[in-house]
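Commentary on secondary and tertiary structure
Listed below are the residues making up each chain.
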Amino acid sequence: MAELTRRPDDMERITTPELAKKFIDEQVELMKAQIGDKKVLLALSGGVDSSVVAALLIKAVGKQLVCVHVNHGLLRKGEPEQVIKVFRDEMEANLIYVDATDRFLDKLAGVTDPEQKRKIIGGEFIEVFAEEARKLDGIEFLAQGTIWPDILESEAGIKAHHNAGGLPDDMNFELVEPVRTLFKDEVRVVGKALGLPDNMVYRQPFPGPGLGVRCPGAITRDRLEAVRESDAILREEFAKNGLEGMVWQYFTVVPDFKSTGVKDGKRTFDWPCIIRAINTTDVMEVTVEHLSDELIDHLVQRIITEVPGINRVLFDYTPKPPATVEYE
Ligand code: XMP
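Residues numbered from 1 in each chain as written. Predicted model: local features only at pLDDT ≥ 70, side-chain atom pairs only at ≥ 80, totals over all residues. Heavy atoms only, no water.

1. As for the overall build of the protein
Where we set the bar: Per the convention used, a helix needs a DSSP run of H or I reaching at least four residues, while a strand needs a run of E reaching at least two, with both numbered from the N terminus. Based on C-alpha atoms, the radius of gyration is set beside the globule rule, defined as 2.2 Å times the residue count to the power 0.38. Buried, partly exposed and exposed residues are distinguished by accessible area as a fraction of the type maximum, computed with a 1.4 Å probe on protein chains only: under 20%, between the cut-offs, and over 50%, respectively. Throughout, a contact is declared for two residues whenever any of their heavy atoms are within 4.5 Å. Two residue types count as positive, namely Lys and Arg, and two as negative, namely Asp and Glu; His and chain ends fall outside the count. Working definition for charges: the position is that of NZ of Lys, CZ of Arg, CG of Asp or CD of Glu.
Helix and strand content of the protein: ten helices and ten strands. A compact globule built from 328 residues should have a C-alpha radius of gyration of about 20 Å, and the protein, at 21 Å, falls within 12% of that. The principal-axis extent of the C-alpha atoms belonging to the protein is close to 70 × 40 × 40 Å. Per-residue burial over the protein gives 50% buried out of 328 residues. When contacts within the protein are restricted to residue pairs at least 6 apart in sequence, long-range pairs at least 24 apart make up 76% of them. Charge separation in the protein, taken as the distance between the mean sites of 41 positive and 56 negative side-chain charges, equals 3 Å.

2. Some points on the packing of aromatic side chains
The following threshold applies: Geometry of aromatic contacts follows a simple scheme: Phe, Tyr and Trp rings, the Trp one being its six-membered ring, pair when their centres are within 6.5 Å, and the pair is stacked under 30 degrees between planes, edge-to-face over 60, tilted otherwise. The criterion is that NZ of a Lys, or CZ of an Arg, lies within 6 Å of the ring centre and within 35 degrees of the ring normal, and then a charge sits over that ring.
Here the structure, examined in full by the defined rule, presents two aromatic pairs. Their ring planes at 20° and their centres at 4.1 Å tell us that F238 and Y250 sit as a pair that is stacked. Here Y250 lies in strand 6 (residues 249-253) and F238 lies in helix 9 (residues 221-240), a separation of twelve residues in the sequence. Accessibility expressed as a relative area gives 0% for F238, which makes it buried. Across the ring face of F206, the terminal group of R76 is positioned such that the distance to the ring centre comes to 4.0 Å. If you follow K258 out to its NZ or CZ, it ends over the ring of W271, 5.0 Å from the centre.

3. Concerning the sheet that holds strand 2 (residues 65-71)
Keep this limit in mind: Strand pairing is assigned whenever DSSP detects at least two bridges linking the two strands. Note on definitions: angles span 0 to 180 degrees between N-to-C directions of axes, and those axes are lines fitted to C-alpha atoms, for helices only across the stretch in contact.
The strand order across the open sheet built from five strands is 3-2-1-4-5, with neighbouring strands paired in parallel fashion. Two strands in the sheet have a free side with no partner beyond their single neighbour: strand 3 (94-99) and strand 5 (174-176). Strand-to-strand twist of the sheet, defined as the mean angle between neighbouring strand axes without regard to direction, takes the value 30°. In this structure, strand 2 lies alongside strand 3, joined through six bridges in parallel fashion. Bridged to V68 within strand 3 is I96. Across the sheet, helix 1 (residues 17-35) touches strand 1 (39-43), strand 4 (139-143) and strand 5, and the angle it forms with strand 5 is around 165°.

4. Quick look at the nonpolar core
Put simply, the rule reads: Only buried residues count toward a nonpolar core, which is a set of Ala, Val, Leu, Ile, Met, Phe, Trp, Tyr and Cys residues joined through side-chain atoms within 4.5 Å.
Counting residues in each nonpolar core, the largest one holds 50 residues, and the members touching the most others are L41, F238, L291, I303 and I310. Apart from residues lying up to four places away in sequence, I310 is in contact with A226, V254, D270, W271, P272, C273, I303 and I304. A20, V53, L65 and V190 belong to the second largest nonpolar core, which has 41 residues in total.

5. Focus on helix 5 (residues 114-134)
Test applied: Multiplying one less than the number of residues by 1.5 Å gives the expected span of a helix.
Here helix 5 contains 21 residues, and its C-alpha end-to-end distance of 30 Å stays within 8% of the 30 Å for a straight helix at 1.5 Å per residue. Regarding helix 5, the residues found buried are K117, I120, I121, E124, V128, F129, A130, E132 and A133. Contact partners of the buried residues in helix 5: strand 1, strand 2, strand 3, helix 4 (101-108) and strand 4.

6. Here's the deal with the site of the ligand
Here is the rule: It suffices for a single heavy atom of a residue to lie within 4 Å of a molecule or strand for the residue to be listed as near it. For the purposes of these results, a polar contact is taken to be a pair of N or O atoms within 3.5 Å, where, inside protein, one atom must be able to donate a hydrogen and its partner to accept one; residues adjacent in sequence count only when each atom of the pair is a side-chain atom. Only the protein chains shown count as cover for residues, with accessible areas throughout obtained via the Shrake-Rupley method and a probe of 1.4 Å. Residues are grouped as follows: Ala, Val, Leu, Ile, Met, Phe, Trp, Tyr, Cys and Pro are nonpolar; Asp, Glu, Lys and Arg are charged; all remaining types, including Gly, are polar.
Near the ligand the following residues occur: R118, P205, P207, G208, P209, Q249, V283, K320, T324, V325 and E326. At 2.7 Å from an oxygen atom of the ligand is found a side-chain nitrogen or oxygen belonging to R118. Contact with the protein chains covers 68% of the free accessible surface of the ligand, which is 500 Å². Looking at side-chain class alone, the shell around the ligand contains five nonpolar, three polar and three charged residues.

7. Brief notes about the pairing of strand 8 (residues 266-279)
Along strand 8, ten of the 14 residues are buried, which leaves the element largely enclosed by surrounding structure. In this sheet, strand 8 lies alongside strand 6 in antiparallel orientation, the contact comprising five bridges. What sits directly across from T252, in strand 8, is I275. With five bridges joining them, strand 7 (residues 259-263) and strand 8 adopt antiparallel strand pairing. Across the sheet, residue V262 finds its bridge partner in strand 8, namely R267.

8. Focus on the side chain of E326
Residue placement: E326 occurs in the segment after strand 10 (310-315). Given the relative accessible area of 12%, E326 is considered buried. A polar atom in the side chain of E326 sits 2.8 Å from the side chain of R214. Here E326 is in contact with P207, V213, R214, Q249 and F251, once residues within four sequence places are set aside.

9. Description of unusual backbone geometry
A cis amide bond links K320 to the next residue, P321, at an omega of -10°. Locating P321 in the fold gives a position in the segment after strand 10. Across the junction of P321 and P322, the peptide omega takes the value 10°, indicating a cis bond. Checked against the element boundaries, P322 lands in the segment after strand 10. A positive phi angle, near 55°, is found at E92, a position not held by glycine.

Dropping the structure here:
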């Protein structure tokens, strides 16, 4: 059974396109043998791991793979569009796109507790995915982007990493986990060799609850849009200034309080936007990335002029510990 595969102690680290190609060829053969002429389902978030799994499966079984991309309304600007462009248009995958934004935001309305927000997002995700799965006939396999650190962390009791966990009991799929022996850097090398775009392969970590944890307290559509737009500006400026792929994680947060400002001679009462940019190796401890004064000034100018509802920009200089990376 593929789900019991472990990383062999003497496995060579995949660092080159040649080694990646060898891995890809082996996995394609293994998946062809495992899946035969049956159908496979995959929740495709657009993150590195699920994207690499999708590209591998498209190579192995083509249209027998059914990808489901659930837009929970908390994705970054342009993400759902990119998933559709890369997988449906370019790789000709069988892709079901579900825009569940209203469902998620309606359920989250007025919910302020961070754990409750996470539970709603996780629970609703499983429900939407299961609903789509039930509409399909003849699915026997479920593909997942489980990677080797997930297995190690769940064995060490750090994280409950049961990606399939939570699916209703009657949905009894056999698992297909082609990247489960790989470390993250190897998944990226394989993704590059499969021809996935750089901004997908070298993507910074993005939490499952998405922008929901960067819109602290009760999520409202207007404040969520302010997070999404300011995040898009930050990412664009990091890319332009050669910082993309160099800084571990960078994003914006729009907290739920307002302060007085002035614009065009009139008083404003709007939110602040907080910029967070951090570096780390293991995410247990993080340091702050110090940006140049010019870049900070430019970011402030763009955010206050382009993002409705923002009249102040702050920079978070706090390392972890004591502050976590995310705000919730
Ligand atoms: P913290 O905030 O705990 O974040 O210092 C450490 C890393 O984990 C990411 N993170 C999450 N990832 N679901 C995820 O998939 C989550 O609920 C979640 N919370 C935090 C965070 O972005 C950072 O990279």
